[in-house]
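Fold and geometry: a report
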Amino acid sequence: MNFDFSDDQKHLKGEARRFLEANCPTTKVRVVLNDAAKAYDEDLWKAVAGQGWMGAAIPEEFGGLGLGHLELCAIAEELGRAVAPIPFGSTVYLLAEAIMLAGSQMQKQAILPKIAAGEIIGALATSEGPGAPTASSLQATVSGGKLTGVKLPVTDGDIADTAVVLAKENGQAGLYIVDLNGAGVAREMLKTLDPTRDAAKLTFKDVPAERLGGAGEGFDLLQQIHDRAAVLIAFEQTGGADRCLEMARDYALERYAFGRLIGSYQAIKHKLADMYVKNELARSNAYYGAWALNTNAPELPIAASAARIAGCDAYWYAAKENIQTHGGIGFTWEVDCHLFYRRSRQLGLVVGAPRAWKERLLSQLERRNAA
Amino acid sequence: MDFSDTSEEAEYRETARAWLEANAPKEGLKPDRTGGADLDHHRAYQAKKAAAGYAQISWPKEWGGPGGTQIQQVIFSQEEARYNINSAYFSIGLGMCLPTVIACADEATKKRFVGPGLRGDEIWCQLFSEPSGGSDVAAARTRAIRDGDGWVVNGQKIWTSGAHYSDFGILLVRTNTEVPKHKGMTMFWVDMKSPGIEVRPIHQMSGQKGFNEVFFTDVRIPDSQRLGAVDDGWKVSLVTLMNERLSIGAGTAADSGAFIQLAREATIDGESALRDATLREKIADWYVQTEGLKHTRMRTITALSKGQTPGPENSIAKIISAKQAQDVGAEAVDMLDQFGIIRDPDISPLGGLFQDQWMAGPGSRIAGGTDEILRNIIAERVLGLPGDIRVDKDVAFKDMPTGR
Ligand SMILES: Cc1cc2nc3c(=O)[nH]c(=O)nc-3n(C[C@H](O)[C@H](O)[C@H](O)COP(=O)(O)OP(=O)(O)OC[C@H]3O[C@@H](n4cnc5c(N)ncnc54)[C@H](O)[C@@H]3O)c2cc1C
């Protein structure tokens with residue numbers, strides 16, 4: 001048993017941190033925040049592509065580095081720390097994973113090399129309004145190879161080239177690959193709680209769509225894609241939560257109230273200790289998820305659910321209590337606390353809110369205990 | 001104990017209800033905090049209330065108030081709550097600043113300010129917090145130096161809500177640095193248009209501009225604007241802070257009605273979210289908290305209306321209400337799943353009420369006493385537990401350990 005990253009993986013992580021410190025300081029994140037029309041940081045996206053990160057887990061035969069998911073997890077943690085304003089998750093954790101999981105050889109050949117080269121941005125379009133879509137609520141429809149419907153919201157929908165869309169065909173839910181640059185696709189940018197990440201409303205009218213995986217497998221595949229993405233997102237969450245704890249600790253070591261460092265008050269000490277506890281729980285659950293993901297273990301659904309639940313909880317707590325530790329100044333636009341507060345919710349919603357994951361975890365546990 | 005109206009109370013309620021029906025703006029009033037055109041709507045309604053004796057109902061006649069009872073105030077507020085009216089423009093002045101002025105000023109000053117304050121003609125702000133301390137207000141460094149029959153003030157205040165549209169403020173300054181910090185401060189009222197005052201709005205994380213930095217450069221304040229004795233400003237500030245906690249605790253508890261409405265519309269696994277067992281449990285908990293606070297406040301008001309000093313029970317209010325607002329916002333956003341990330345009044349349910357609440361939540365847990373300070377107050381002043389070791393009590397202000 002070896003429950004840690006290898007030296008090479010740690011080295012990669014260190015490199016990634018240095019790279020992002022140089023290329024993605026929060027001043028760059030704020031450029032996207034402050035410009036309502038700006039969906040992402042194009043320069044950073046190109047620079048990240050130059051590092052080969054998009055292809056870290058894509059096999060060499062499809063143009064990737066073929067490193068594996070542990071390496072991708074290490075990168076994800078650093079991207080989370082940096083609150084990177086780029087469509088990495090949509091492209092790599094969602095689109096690439098979907099294609100690797102369920103794509104035909106031809107689909108893999110068509111899409112994965114472009115992802116690895118940083119040539120395309122991806123998206124996963126499932127939501128159609130309030131609440132997670134279900135077999136009975138799903139409206140988007142494919143008929144005669146053409147997709148019609150509305151997806152709302154779609155993360156990175158404004159900028160994505162290729163999307164995997166959940167839709168029904170002959171009454172059965174399936175996943176479909178759609179070229180978003182073709183005719184019949186209308187995009188509308190949305191205002192969100194986290195303007196450093198893009199979201200859009202996509203309207204499809206008779207847009208060519210090619211099925212990914214089997215007919216009627218839509219929800220089943222979606223769940224498997226979400227499991228994989230949830231592990232990677234849990235690393236982003238851990239990275240963000242760690243950064244919040246560091247900010248709070250630094251501030252507690254410089255701010256005086258009543259003639260003492262605020263870090264000398266137990267109310268603050270206990271708050272930071274609680275952050276640490278939650279962050280470590282999240283990290284360990286994420287590690288277990290990483291192992292399950294990397295080895296394609298049957299434990300993945302349980303491990304991914306646990307990683308997601310712990311990741312959401314840790315990031316939310318760290319983000320809000322970091323503001324609280326800062327007092328009035330934490331509630332300002334100029335101080336970075338809110339970048340993390342916003343991102344904690346964005347990551348907490350993007351593959352579905354924790355509520356559904358708790359349900360999923362329990363149903364998996366029930367099944368395991370019955371077996 | 002009796003939770004129903006007496007016959008006089010019922011009559012008062014009837015009259016208030018009829019008055020509101022005729023006069024309350026049907027579309028509600030929600031301050032945008034810019035102090036621009038929307039302030040005129042708030043002023044118009046406030047002036048009507050004042051003319052009808054419904055502004056600060058329990059303020060005594062000798063202050064220039066309507067001279068009603070605390071219970072009447074409660075009744076009116078309950079009835080007014082149906083109209084979705086938020087009077088935040090006036091609440092700092094009426095809830096904190098003017099009671100402080102009234103407690104300390106001479107007759108002429110009271111006469112001068114009470115009427116315009118009640119009518120909403122003049123707006124007040126509270127100039128206490130500084131970069132050097134918000135929890136520790138007594139760390140204030142803004143300096144007033146005696147000069148003939150007045151004072152010259154230099155320094156900076158921060159987080160001053162509404163300073164950008166305020167006419168007057170109450171200002172806590174340092175007048176003596178040779179004594180321990182609580183013993184060297186003095187309170188004044190100040191005209192915000194005085195030469196040397198510069199107000200710079202601060203961008204809040206929510207995107208709004210509700211609070212400000214206020215800079216004082218050689219601002220002259222006549223000694224006649226002093227509230228309380230020289231170097232006795234700390235005691236005066238306690239009057240304000242007590243009123244602050246009473247008034248802040250009152251308004252902000254979550255409205256489970258709106259949440260239920262949202263839950264009814266949203267779906268979880270194809271069913272109304274209102275049928276979801278975990279959500280039902282949470283709504284029940286929030287409801288009980290909100291009711292508990294409401295009735296706690298009634299206990300306080302009952303004590304006040306009998307001329308008794310209220311017990312410490314009202315100090316629980318903001319600890320509950322601020323965190324609850326944040327929790328409810330988060331839960332409401334999550335309930336919508338991916339759709340919750342959208343923050344657009346035209347798309348988000350209920351005009352984005354809960355997204356806004358989620359963004360404002362962190363501020364409520366800090367403004368008017370942080371969660372941590374309020375707990376310290378309960379532990380030390382209510383329960384009598386020993387205080388933290390203080391290093392700032394007996395040293396001269398100038399020798400106190402500080403950060404930057
Ligand atoms: C929306 C908003 C509106 C405001 N409006 C006004 C206004 O109109 N007028 C005005 O004067 N001020 C106003 N304030 C300022 C507010 O009162 C202060 O921000 C608040 O009291 C905290 O002070 P601080 O910001 O200096 O934080 P600090 O006092 O530096 O606190 C930092 C952290 O340390 C903790 N801490 C401090 N001392 C202790 C202790 N002894 N034990 C345990 N923990 C401790 C705090 O709880 C906090 O978590 C407003 C603030 C906000 C957010």
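Residues numbered from 1 in each chain as written. Chains lettered and ligands numbered in written order. Predicted model: local features only at pLDDT ≥ 70, side-chain atom pairs only at ≥ 80, totals over all residues. Heavy atoms only, no water.

1. Section: the overall build of chain B
Summing up its helical and strand segments, chain B has 11 helices and 10 strands in all. Taking 2.2 N^0.38 as the reference for a compact globule, 404 residues should give roughly 22 Å; the C-alpha atoms of chain B span a radius of gyration of 22 Å, in line with that estimate. Along the longest, intermediate and shortest principal axes, the C-alpha atoms of chain B span 75 × 50 × 45 Å. When each of the 404 residues of chain B is scored for burial, the buried share is 50%. Within the structure as shown, chain B displays about 18,400 Å² of accessible surface, and the carbon and sulfur contribution to it stands at 52%. Distance between charge centroids for chain B: 4 Å, based on 46 positive and 55 negative side chains. (Helix = DSSP H or I, 4+ residues; strand = E, 2+ residues; numbered from the N terminus. Rg over C-alpha atoms; globule rule 2.2 N^0.38 Å. Buried < 20%, exposed > 50% of the residue type's maximum accessible area, 1.4 Å probe, protein only. Areas by Shrake-Rupley, 256 points an atom, 1.4 Å probe, with all protein chains shown as cover. Lys, Arg positive; Asp, Glu negative; His and termini not counted. Charge placed at Lys NZ, Arg CZ, Asp CG, Glu CD.)

2. Focus: the pattern of salt bridges
Per the counting criterion, the structure on display carries 52 salt bridges over all chains. In this structure, D334(B) engages R345(A) in a salt bridge whose closest nitrogen and oxygen atoms are separated by 3.2 Å. Here D334(B) is found in helix α9 (residues 317-335), whereas its partner R345(A) is found in helix α10 (residues 337-350) on a different chain. When its relative accessible area of 6% is taken as the criterion, R345(A) is described as buried. Via salt bridges that share partners, K13(A), R17(A), E77(A), E78(A), D242(A), E280(A) and R283(A) belong to a single interconnected network. (Salt bridge = Lys/Arg side-chain N within 4 Å of Asp/Glu carboxyl O.)

3. So, the interface of chain A and chain B
Accessible area lost upon the coming together of the parts is a frequently used measure of interface size. Each side of the interface is counted separately: chain A has 48 residues, and chain B has 59 residues. Buried area between chain A and chain B, summed over both chains or domains, comes out near 4,800 Å², and the portion from carbon and sulfur atoms is 61%. On the chain A side of the contact with chain B, F258(A), F331(A) and R355(A) bury the most area, a combined 18% of that side's loss. Here chain A is connected to chain B by 7 salt bridges. Linking chain A to chain B there are 21 residue pairs in polar contact (both at pLDDT 80 or more). Elements supplying a minimum of two residues to the side of chain A that touches chain B: β3 (146-155), β8 (256-257), α8 (266-294), α9 (300-326), α10 and α11 (354-370) of chain A. Looking at the side of chain A that touches chain B residue by residue, the class counts come to 21 nonpolar, 15 polar and 12 charged. (Contact = heavy atoms within 4.5 Å. Buried area = accessible area lost by both parts, 1.4 Å probe. Polar contact = N/O pair within 3.5 Å; in protein donor to acceptor, adjacent residues only side chain to side chain. Nonpolar A, V, L, I, M, F, W, Y, C, P; charged D, E, K, R; others polar.)

4. Considerations on the environment of D136(B)
For D136(B), the location among the structural elements is in the loop between β1 (124-127) and β2 (143-147). According to the relative accessible area criterion, D136(B) is buried, its value standing at 4%. Between the C-alpha atom of D136(B) and that of R297(B), which follows or precedes it by 161 residues, the distance is 27 Å. Here D136(B) is in contact with A257(A), F258(A), G259(A), K181(B) and D392(B), once residues within four sequence places are set aside.

5. As for unusual backbone geometry
Of note, the amide linkage connecting L152(A) to P153(A) takes the cis form, showing an omega dihedral of -10°. Along the polypeptide, P153(A) turns up in strand β3. For Q56(B), which is not glycine, the phi dihedral falls at a positive 45°. With respect to the secondary-structure elements, Q56(B) resides in the loop between α2 (37-52) and α3 (70-80). Since its relative accessible area comes to 23%, Q56(B) is described here as partly exposed. Phi at D269(B) is positive, roughly 50°, even though this residue is not glycine.

6. Overview of the domain arrangement of chain A
Residue and element names in this part refer to chain A. When its domains are assigned, chain A resolves into domain 1 (7-116), domain 2 (122-216) and domain 3 (219-370). Domain 1 and domain 2 are separated by 22 Å when their C-alpha centres are compared. Summed over both partners, the interface of domain 1 with domain 2 comes to about 1,500 Å²; 68% of that surface belongs to carbon and sulfur atoms. Our enumeration of links across domain 1 and domain 2 arrives at 0 salt bridges. (Domains from an automatic or database assignment.)

7. Quick word on the site of the ligand
The full set close to the ligand counts 29 residues, and R255(A), Q324(A), G328(A), S135(B) and T370(B) are the nearest of them. Within the backbone of G328(A), an N or O atom sits 2.7 Å from an oxygen atom of the ligand. Note that a nitrogen atom of the ligand is positioned 2.7 Å from one of the side-chain N or O atoms of S161(B). Secondary-structure elements contributing two or more residues to the shell around the ligand are α8 and α9 of chain A together with β3 (150-161) and α11 (371-382) of chain B. Within the shell around the ligand, the residues separate by chemical class into 12 nonpolar, 15 polar and 2 charged. (Near = heavy atom within 4 Å.)

8. A word on the domain arrangement of chain B
All names here are of chain B. On domain assignment, one finds that chain B holds domain 1 (7-86), domain 2 (125-242) and domain 3 (256-382). Spacing between the C-alpha centres of domain 1 and domain 2 amounts to 30 Å. On the side of domain 2, 4 residues touch domain 1, which itself brings 4 residues to the contact. Between D167 and R43 there is a salt bridge; the shortest N-O distance is 4.0 Å. Where domain 1 meets domain 2, there are 2 residue pairs in polar contact (both at pLDDT 80 or more).

9. A look at a nonpolar patch on the surface
Together, M1(A), F3(A), Y288(A) and W291(A) give the surface a local cluster of nonpolar side chains, amounting to about 520 Å² of exposed area. The residue M1(A) is located in the segment before α1 (7-23) in this model. (Patch = residues over 30% accessible without salt bridge, like charges linked within 9 Å, V, L, I, M, F, W, Y side chains within 5 Å.)

10. Side note on the packing of aromatic side chains
Scanning the model with the defined rule gives 28 aromatic pairs over all chains in all. The interplanar angle of 20° and the centroid separation of 5.5 Å between the aromatic rings of Y288(A) and W291(A) together place this pair among those described as stacked. Of the two residues, Y288(A) and W291(A) both sit in helix α8, 3 residues apart, roughly one turn of that helix. Judged by its relative accessible area of 30%, Y288(A) is partly exposed. Taking the centre distance of 4.9 Å and the plane angle of 75° together, the rings of F259(B) and W286(B) count as edge-to-face. With F259(B) in helix α7 (residues 256-265) and W286(B) in helix α8 (residues 277-305), this pair connects stretches of sequence that are 27 residues apart. (Phe/Tyr/Trp six-rings, centres within 6.5 Å; stacked < 30°, edge-to-face > 60°.)

11. A word on the environment of G384(B)
Residue and element names in this part refer to chain B. Within the secondary structure, G384 is located in the segment after α11. Given the relative accessible area of 56%, G384 is considered exposed. A C-alpha to C-alpha distance of 29 Å links G384 and G228, two positions 156 residues apart in sequence.

12. Comments concerning the packing of helix α7 (residues 218-252) of chain A against α10(A)
Residues and elements named next belong to chain A. Close contact between α7 and α10 brings their axes to 10 Å; oriented N to C, the two are set at 160°. Classed by the angle they form, the pair α7 and α10 counts as roughly antiparallel. You can see that α7 and α10 cross each other, and the crossing is left-handed. Here I233, E236, Q237, G240, R243, C244 and M247 of α7 lie close against α10, whose contacting residues are C337, F340, L347, G348 and V350. Along the lines of polarity and charge, the residues of the contact of α7 with α10 split into 7 nonpolar, 3 polar and 2 charged. (Axes fitted to C-alpha atoms, helices over the stretch in contact; angles between N-to-C directions. Parallel < 35°, antiparallel > 145°, perpendicular 65-115°, else oblique. Left-handed = near helix turned anticlockwise from the far one by under 90°.)

13. Here's the deal with the pairing of strand β5 (residues 172-179) of chain A
All names here are of chain A. Most of β5 is tucked away, with 6 of its 8 residues classed as buried. The sheet contact formed by strand β4 (residues 162-169) and β5 spans 8 bridges and is antiparallel. Opposite K168, over in β5, you have A173 as the bridge partner. (Pairing = 2+ DSSP bridges.)

14. Considerations on the side chain of D336(A)
All names here are of chain A. Within the secondary structure, D336 is located in the loop between α9 and α10. Among the residues examined, D336 registers a relative accessible area of 18% and is labelled buried. A polar atom in the side chain of D336 sits 2.6 Å from the side chain of T26. Sequence-distant contacts of D336, defined by excluding residues within four places in its chain, comprise T26, R30 and M247.

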